Amino acid sequence: MRTKTLWPLGLLLLAGCSAEPPESASETAVASPAPVELTAANGRDYPACADGNCEVLVSGPVEIALSGTAGITKLVVRAVEGNGIRFETQGDGTSSGSLSTNCVSTFYENGSGSRCSTGAQPAPEPTDGVVAMQLAEVRDGTAILRVVSGKPGPPPASLAPRIPTFEIPKPPFAG
């Protein structure tokens with residue numbers, strides 16, 4: 001006579017299950033959203049800057065030809081670092097500097113300046129005789145660089161260099 005062995009139902013159910021405890025909510029991997037890529041009006045089309053006005057993406061060394069406003073014919077981005085860029089301007093003269101996000105650097109005949117804010121700024125307005133550069137954003141080694149130029153010519157009187165006047169004292173005469 002044959003005997004049938006009956007397995008307890010609980011043992012059969014355990015055979016198909018893992019013996020590890022279920023993951024807690026804190027151990028469950030949460031999928032992070034895909035990073036949003038930066039976009040610029042002219043993308044990486046650097047020749048679009050030839051008229052002195054563009055919005056381009058830069059992520060490494062690049063030479064950008066400009067219109068010659070304020071004597072600047074070339075902008076050379078040397079590096080994108082942290083929240084800014086290192087650059088050089090070439091043309092009537094050569095200068096170098098750095099530009100951070102939320103800052104605007106302006107270049108004009110015989111001078112330059114910069115201003116920064118704690119928050120995002122709108123794109124600079126074109127001003128005759130002035131080239132303005134702004135970093136709209138820097139993320140993961142890529143920057144959105146805006147270049148805005150007015151018509152070539154002298155800058156507004158408010159930016160014209162101040163020429164100091166000196167009065168030459170009259171020498172004392174011995175007498």
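Our subject is the structure that appears above.
Residues numbered from 1 in each chain as written. Predicted model: local features only at pLDDT ≥ 70, side-chain atom pairs only at ≥ 80, totals over all residues. Heavy atoms only, no water.

Peer 1: Give me the pairing of strand β7 (residues 111-116): which residues, what numbers.
Peer 2: One ladder, built from 6 bridges, connects strand β6 (residues 103-108) with β7; its direction is antiparallel. Paired with Val104 across the bridge in β7 is Arg115. Turn length for the β6-β7 hairpin, with the two strands adjacent in sequence and antiparallel, is 2 residues, and the turn residue Asn110 shows positive phi of about 65°. (Pairing = 2+ DSSP bridges. Helix = DSSP H or I, 4+ residues; strand = E, 2+ residues; numbered from the N terminus.)

Peer 1: Quick rundown of the packing of aromatic side chains? Include the residues and the values.
Peer 2: Under the definition given, this model contains 1 aromatic pair. Each ring, one from Phe87 and one from Phe107, has its centre 6.0 Å from the other, and the planes form 85°; the classification is edge-to-face. Of this pair, Phe87 sits in strand β4 (residues 84-91) while Phe107 sits in strand β6, and the two are 20 residues apart along the sequence. Each member of the pair, Phe87 together with Phe107, is buried. (Phe/Tyr/Trp six-rings, centres within 6.5 Å; stacked < 30°, edge-to-face > 60°. Buried < 20%, exposed > 50% of the residue type's maximum accessible area, 1.4 Å probe, protein only.)

Peer 1: An account of the pairing of strand β2 (residues 62-65) is requested, with residue identities and associated values reported.
Peer 2: In β2, alternate side chains face the same way, and those of Val62 and Ile64 are buried while those of Glu63 and Ala65 on the opposite face are not. Pairing of β2 with strand β3 (residues 72-81) involves 4 bridges; the strand directions are antiparallel. Its bridge partner lying in β3, Glu63 is registered against Val76.

Peer 1: Please set out unusual backbone geometry residue by residue, giving values where relevant.
Peer 2: The phi dihedral of Asn102 falls on the positive side, at around 65°, and the residue is not glycine. Relative to the elements of secondary structure, Asn102 occurs in the loop between β5 (94-100) and β6. What makes Asn102 buried here is its relative accessible area of 18%. With phi around 65°, Asn110 is a residue other than glycine that occupies positive phi space.

Peer 1: Break down the pattern of salt bridges for me, with residues and values.
Peer 2: Counted by the stated rule, this structure contains 5 salt bridges. Among the salt bridges present, the one from Glu137 reaches Arg139, with a minimum N-O distance of 2.6 Å. Classification of Glu137 by relative accessible area gives partly exposed; the value is 30%. (Salt bridge = Lys/Arg side-chain N within 4 Å of Asp/Glu carboxyl O.)

Peer 1: Pulling in residues and values, what's your account of the sheet that holds β2?
Peer 2: Strand-to-strand pairing in sheets goes through backbone hydrogen bonds, with the strands running parallel or antiparallel. The strand order across the open sheet built from 4 strands is β2-β3-β4-β5, with neighbouring strands paired in antiparallel fashion. Pairing within the sheet leaves two strands with one partner each, and these edge strands are β2 and β5. Adjacent strand axes in the sheet meet at a mean angle of 25°, parallel and antiparallel pairs treated alike. Relative to β4, β3 is paired through 8 bridges, and the arrangement is antiparallel. Considered in β4, the bridge of Ile72 is made with Gly91. (Axes fitted to C-alpha atoms, helices over the stretch in contact; angles between N-to-C directions.)

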